[in-house]
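# Examination of the molecular architecture
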Amino acid sequence: MPRAVLGILTTYPDGSSVRGPRWPQWRSFAEIIRHGRKQDVLVYVFSPGGVDWRRRQVLGWRSFGQGARRWALGWFPMPDVVYNRVPSRTAERHPSVRACLRRFLALHGRVFNPHYLNKSALQRALGRHPKLSRHLPDTIPLTGPAVLRRFADTHRRVYLKAVGGSLGNGTMELARTASGWRLRYNPGPGRTRTASFHTWPGAWTAIQRITRGRPYLAQRAIALARADGRPFDLRLLVQKHPDGRWRFTGGAARVAGLGQITTHVPRGGRRMAMEEALAKAFGPEYTAEIGRQVADLAERAAAAMEAATKRRFIEMSMDLGIDDRGRMWIFELNAKPLRFDEPDIQQTRIAYLLDYVVWAAREMSPISVPPPGANAPVRNDEIPLLKAAGAPRPVAAVGSLPGRPRFPR
Ligand SMILES: Nc1ncnc2c1ncn2[C@@H]1O[C@H](COP(=O)(O)OP(=O)(O)O)[C@@H](O)[C@H]1O
Ligand SMILES: [Mg+2]
């Protein structure tokens, strides 16, 4: 008997049930299955279509051997814990996925993570937090040209981001210039493009062409600290442990590619060890202390986010910018972090994940699951736009945001 049974729930990006292994995600599933063998946890991958609720068994896949190339299909016992790796927000809205998650929640409640988070949920959860809100760059929902123009006039340089976006797709940087406006943008996958406008209506028309009616937010641009002359930010992983605490697992830096407005690796960004980037930006004598502070911030942010959603999460990654004066700015919290390419972080992550699964399978009582309807989950499509919405905050508040710089350059 294994110590626990873990089912990794996934689908095709459109939400339909998978008919076979699929790259690149299944590579990380195979890693978890391999670790499971070592930690005596039975791990398999399944889709909603594979669950036989009547017989209480699941048709799923399991890799064998060392790599991720060889998979076998088979019947497995019902999972003690469901690990939600449904690969897109669209897929999470698919009726079969929602029904499956709901049934497992009703059955035993051990479904992690319940859903994706989005950028306005972050504002909602942390925007009024007494200590954490100061780490959110000034942000407004993008409701129309007049509001955006006022916001951009105030801040001179702003980011426009899709509320449910990822990987920098559709992200724009709008800047005031001597002759008008400059827009740098990522139309889709691929490199950043630039356009200049003498008039505001011209800029706004271009912006609308990219937003295509999707919900967006505008955010003050942070002057990111630099490593080797390029802006960088940090990707930090925090995980829930059996004692209920969120703990920092590890973090890495992502250095922007030449001329890119985001740091994502598929857009020319480069990986760098966190310590190396911090040492390059602030000096080696400060890296340990900054490292402690970012870890602490990530732990507190995850705990606050989880408390605000009233659902149980087990891992989050945080995109954190540090400005040239050492102040820390939370860009994003992801409830379904992708694989970390840093082997030490990824290995530790899986080991902790399986420890938690074993603990949850044994100890976590289904009693604490809220009855259907009560404590209704905050779903992505139900999250209203920013609480801090309406008018942008007064200019005076901008200068008085976070306190003094903590680290000399
Ligand atoms: N306000 C900002 N100021 C400066 N850089 C930003 C800002 N917001 C985002 N970025 C850059 O863009 C990247 C992607 O932003 P993020 O909010 O994480 O969205 P995504 O979902 O596309 O990853 C960040 O990692 C950071 O490099
Ligand atoms: Mg991000």
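What counts and what doesn't
Residues numbered from 1 in each chain as written. Chains lettered and ligands numbered in written order. Predicted model: local features only at pLDDT ≥ 70, side-chain atom pairs only at ≥ 80, totals over all residues. pLDDT = per-residue confidence, 0-100. Contact = placed C-beta atoms within 7 Å. Axes fitted to C-alpha atoms, helices over the stretch in contact; angles between N-to-C directions. Helix = DSSP H or I, 4+ residues; strand = E, 2+ residues; numbered from the N terminus. Parallel < 35°, antiparallel > 145°, perpendicular 65-115°, else oblique. Left-handed = near helix turned anticlockwise from the far one by under 90°. Nonpolar A, V, L, I, M, F, W, Y, C, P; charged D, E, K, R; others polar. Near = placed C-beta within 6 Å. Domains from an automatic or database assignment. Buried ≥ 20, exposed ≤ 12 C-beta atoms within 10 Å, placed from the backbone. Pairing = 2+ DSSP bridges. Right-handed = clockwise from strand over helix to strand, strands pointing away.

### Some thoughts on the confidence of the model for the protein
Model confidence for the protein is summarised by a mean pLDDT of 88, while 89% of its residues fall at 70 or above. Below pLDDT 50 for its whole length, residues 367–409 participates in 65 contacts with residues either more than four positions away or in separate chains.

### Concerning the packing of helix α7 (residues 274–282) against helix α8 (residues 287–309)
Running from N to C, α7 and α8 cross one another at 120°; their axes reach a closest spacing of 9 Å. The pairing of α7 with α8 is recorded here as oblique in orientation. Between α7 and α8 lies a crossing of right-handed hand. Two secondary-structure elements touch here, α7 through Met274, Glu275, Leu278, Ala279 and Phe282 and α8 through Thr287, Ile290 and Gly291. In terms of residue class, the contact of α7 with α8 is built from five nonpolar, two polar and one charged.

### A few points about the site of ligand 1
Not every one of the 20 residues close to ligand 1 is listed here, only the nearest: Ile222, Thr262, Asp319, Phe331 and Glu332. Contributing elements (two or more residues each) for the shell around ligand 1: β9 (157–162), β13 (216–220), β18 (315–322) and β19 (328–334). In terms of residue class, the shell around ligand 1 is made up of seven nonpolar, eight polar and five charged. Both domain 2 (119–135 + 223–341 + 371–388) and domain 3 (141–220) contribute no fewer than three residues apiece to the shell around ligand 1.

### Here's the deal with the packing of helix α1 (residues 25–39) against helix α9 (residues 343–363)
As a packed pair, α1 and α9 sit with axes 10 Å apart at the nearest point and diverge in direction by 60°. Judged by the inter-axis angle, α1 sits oblique to α9. Crossing handedness for the pair α1 and α9: right-handed. Contact residues: α1 offers Glu31, Ile32, His35, Gly36 and Gln39, while α9 offers Ile350, Ala351 and Leu354.

### As for the pairing of strand β2 (residues 41–46)
Most of β2 sits inside the fold, with five of its six residues counted as buried. Of the strand pairs in this sheet, strand β1 (residues 4–9) and β2 are connected by six bridges, and their pairing is parallel. The partner of leucine 9 across the bridge, within β2, is phenylalanine 46. Each parallel crossover has a hand, and for β1 linked through α1 to β2 it is right-handed.

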